[in-house]
Amino acid sequence: MKIALIGATGFVGTALLEELLRRGHHVTALARNPGKLTARPGLTVVKADALQSAEVAQAVEGNDAVVSAYNPGWQEPKIHDVFLQGTRAILDGVKRSGVKRVLLVGGAGSLYVAPGVQLVDTPEFPAEWKQGALAAREALNLVRQESSLDWTFVSPAVMLAPGERRGAFRIGGDEVLFDASGAPAGISVADLAVAIVDEVETPRHVQRRFTAAY
């Protein structure tokens, strides 16, 4: 498949790039600084800013799907506003491009830990992650209003970390997945990428959100 990837130099995006190329897909990576990505077989790097919908539209046109792991960075002081600005620009750009299939990677904060209670609203939620998590929740609410796109929103497990690619994990919906001890389950970023590329290849959550954890 021809896949446009936004955020290819980030934590999740780097793993997604590896998984997509591993499976033989042709990847067009959008980057504000193309020099951060090394030329590789199957990879085309296009200079584009995810905050500019016209640049997104031009860069992703002609692809089979767009995968966005966009995140302005946890050190961004205005992460809430910039995250939402990027989400809106990406959705608008994809619609303008004519591509119908788009997968967006958000956060775990909007997953439910109990009926009516989302993780981001619990007292234990870390303050340093809260603004980004609130923005990701709003991004999910935005994409849920999109009827013209075949969208999927991906929330990682609560604990997302570097680690091996096992290729085995559980898939859930809108709730946090817990382990046998009752603690929130985790997943490696490599296996999160496996779950996302599985969804690209075989759509099972069109206009729905899913999560993945061990």
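Since the model is a prediction, treat every value here as computed from it, not as a measurement.

### Section: a nonpolar patch on the surface
On the surface, Val 113, Val 117 and Phe 178 cluster together to form a nonpolar patch covering roughly 190 Å² of accessible area. Residue classification places Val 117 among the partly exposed positions, given a relative accessible area of 32%.

### Points about the packing of helix 2 (residues 53-60) against helix 3 (residues 79-97)
A pair of packed helices can be characterised by two numbers: the angle between their axes and the separation between those axes. Two elements in contact, helix 2 and helix 3, have axes whose closest approach is 7 Å; the angle formed by their N-to-C orientations is 45°. Judged by the angle between their axes, helix 2 and helix 3 are oblique. As for how helix 2 packs across helix 3, the hand of that crossing is right-handed. Together, Ser 53, Ala 54, Val 56, Ala 57 and Val 60 of helix 2 and Ala 89, Ile 90, Asp 92, Gly 93, Val 94, Arg 96 and Ser 97 of helix 3 make up the contact between the two elements. Its residues assigned to classes, the contact of helix 2 with helix 3 shows seven nonpolar, three polar and two charged.

### Some points on the nonpolar core
Membership of the largest hydrophobic core comes to 34 residues, with the highest contact counts inside it found for Leu 5, Val 12, Leu 16, Leu 17, Val 27, Val 67 and Ile 196. At the level of secondary structure, the elements contributing two or more residues to this core comprise strand 1 (2-6), helix 1 (11-22), strand 2 (26-31), strand 4 (65-68), strand 5 (101-105), helix 5 (189-201) and strand 12 (208-213). When residues in this core are grouped by element, the largest group, seven residues, is from helix 5. Beyond its immediate sequence surroundings of up to four residues, Leu 16 is in contact with Leu 5, Val 67, Ala 69, Val 105, Ala 193, Ile 196 and Val 197.

### Looking at the pairing of strand 1
Summarising burial for strand 1: four of the five residues are buried, a large majority. Alignment of strand 1 against strand 2, held across five bridges, turns out to be parallel. Directly across from Ile 3, in strand 2, lies its bridge partner Val 27. As for the winding sense of the linkage, the β-α-β connection from strand 1 through helix 1 to strand 2 is right-handed.

### Re helix 4 (residues 127-143)
Between its terminal C-alpha atoms helix 4 stretches 25 Å, which fits the 24 Å expected from 17 residues at 1.5 Å a residue. What helix 4 keeps buried is the set Gly 132, Ala 133, Leu 134, Ala 135, Ala 136, Arg 137, Ala 139, Leu 140 and Val 143. Packed against the buried residues of helix 4 are helix 3, strand 5, strand 7 (117-118), strand 8 (150-156) and strand 12.

### Description of the sheet that holds strand 10 (residues 170-172)
Within the open sheet, the eight strands sit side by side as 3-2-1-4-5-8-12-10. Their pairing is mixed. The sheet is open, and its two borders are formed by strand 3 (43-47) and strand 10, each paired with just one other strand. Averaged over all neighbouring strand pairs, the angle between strand axes comes to 25°, with direction disregarded. One ladder, built from four bridges, connects strand 1 with strand 4; its direction is parallel.

### A closer look at the pairing of strand 8
Counting buried residues along strand 8, six of its seven residues qualify, which places the element largely inside the surrounding structure. Strand direction decides the pairing type here: strand 5 and strand 8, joined by five bridges, are parallel. Residue Arg 101 lies in a different strand from strand 8, and its bridge partner there is Asp 150. Sheet topology places strand 8 next to strand 12; five bridges connect them, and they run parallel. The partner of Val 154 across the bridge, within strand 12, is Phe 210.

### Quick notes on the side chain of Thr 211
The topology assignment puts Thr 211 in strand 12. With a relative accessible area of 1%, Thr 211 lands in the buried category. Among the polar contacts made by the side chain of Thr 211, one reaches the main-chain carbonyl oxygen of Ser 155 at a distance of 2.7 Å. A polar contact is formed between the side chain of Thr 211 and the backbone oxygen of Pro 156, at a distance of 3.5 Å. Residues in contact with Thr 211, not counting those within four places in the same chain, are Leu 111, Ser 155, Pro 156, Ala 157, Arg 170, Ile 171, Gly 172, Gly 173, Glu 175 and Leu 177.

Definitions and limits used
- Counting from 1, residues in each chain are numbered in the order their sequence is written.
- Note on the predicted model: pLDDT of at least 70 is required for a residue's local features to be given, and 80 or more for side-chain atom pairs to be given and counted; whole-chain, interface and lining totals, by contrast, use all residues.
- Think of the side-chain values as coming from all heavy atoms in the structure, minus any hydrogens and water.
- A residue counts toward a patch only above 30% relative accessible area and without a salt bridge, and it is joined to like-charged neighbours within 9 Å or, for Val, Leu, Ile, Met, Phe, Trp and Tyr, to nonpolar neighbours within 5 Å.
- All accessible-area figures derive from a Shrake-Rupley calculation using a 1.4 Å probe, and residue coverage is judged against the displayed protein chains alone.
- Put simply, a salt bridge is a Lys or Arg side-chain nitrogen that is within 4 Å of an Asp or Glu carboxyl oxygen.
- Relative accessible area decides the class of each residue, using a 1.4 Å probe on protein chains only: under 20% of the type maximum gives buried, over 50% gives exposed, and in between gives partly exposed.
- For every element, the axis is a line fit to its C-alpha atoms; helices are fit only across the contacting stretch, and the angle between N-to-C directions ranges from 0 to 180 degrees.
- Runs of E in the DSSP output that reach at least two residues are strands. Runs of H or I that reach at least four are helices, and both are numbered from the N terminus.
- Every angle not falling under 35 degrees, over 145, or within 65 to 115 is termed oblique; those three ranges are roughly parallel, roughly antiparallel and roughly perpendicular.
- Two helices that cross are described as forming a left-handed crossing if the nearer one is turned anticlockwise from the farther one by less than a right angle, and a right-handed crossing if clockwise.
- What makes two residues a contact is simply this: any of their non-hydrogen atoms within 4.5 Å.
- In the scheme used here, Gly and all other residues not listed as nonpolar or charged are polar, with Ala, Val, Leu, Ile, Met, Phe, Trp, Tyr, Cys and Pro taken as nonpolar and Asp, Glu, Lys and Arg as charged.
- Joining through side-chain atoms within 4.5 Å is the link that ties buried Ala, Val, Leu, Ile, Met, Phe, Trp, Tyr and Cys residues into a set, and such a set is a nonpolar core.
- Note on pairing: DSSP must find at least two bridges between two strands before they are called paired.
- The crossover handedness rule: strands pointing away from the viewer, path from first strand over the helix to second strand clockwise, crossover right-handed.
- To estimate the expected span of a helix, subtract one from its residue number and multiply by 1.5 Å.
- Polar contacts, as counted here, are pairs of nitrogen or oxygen atoms within 3.5 Å of one another; within protein the pair requires one atom able to donate a hydrogen and one able to accept it, and residues that are adjacent in sequence qualify only if both atoms are side-chain atoms.

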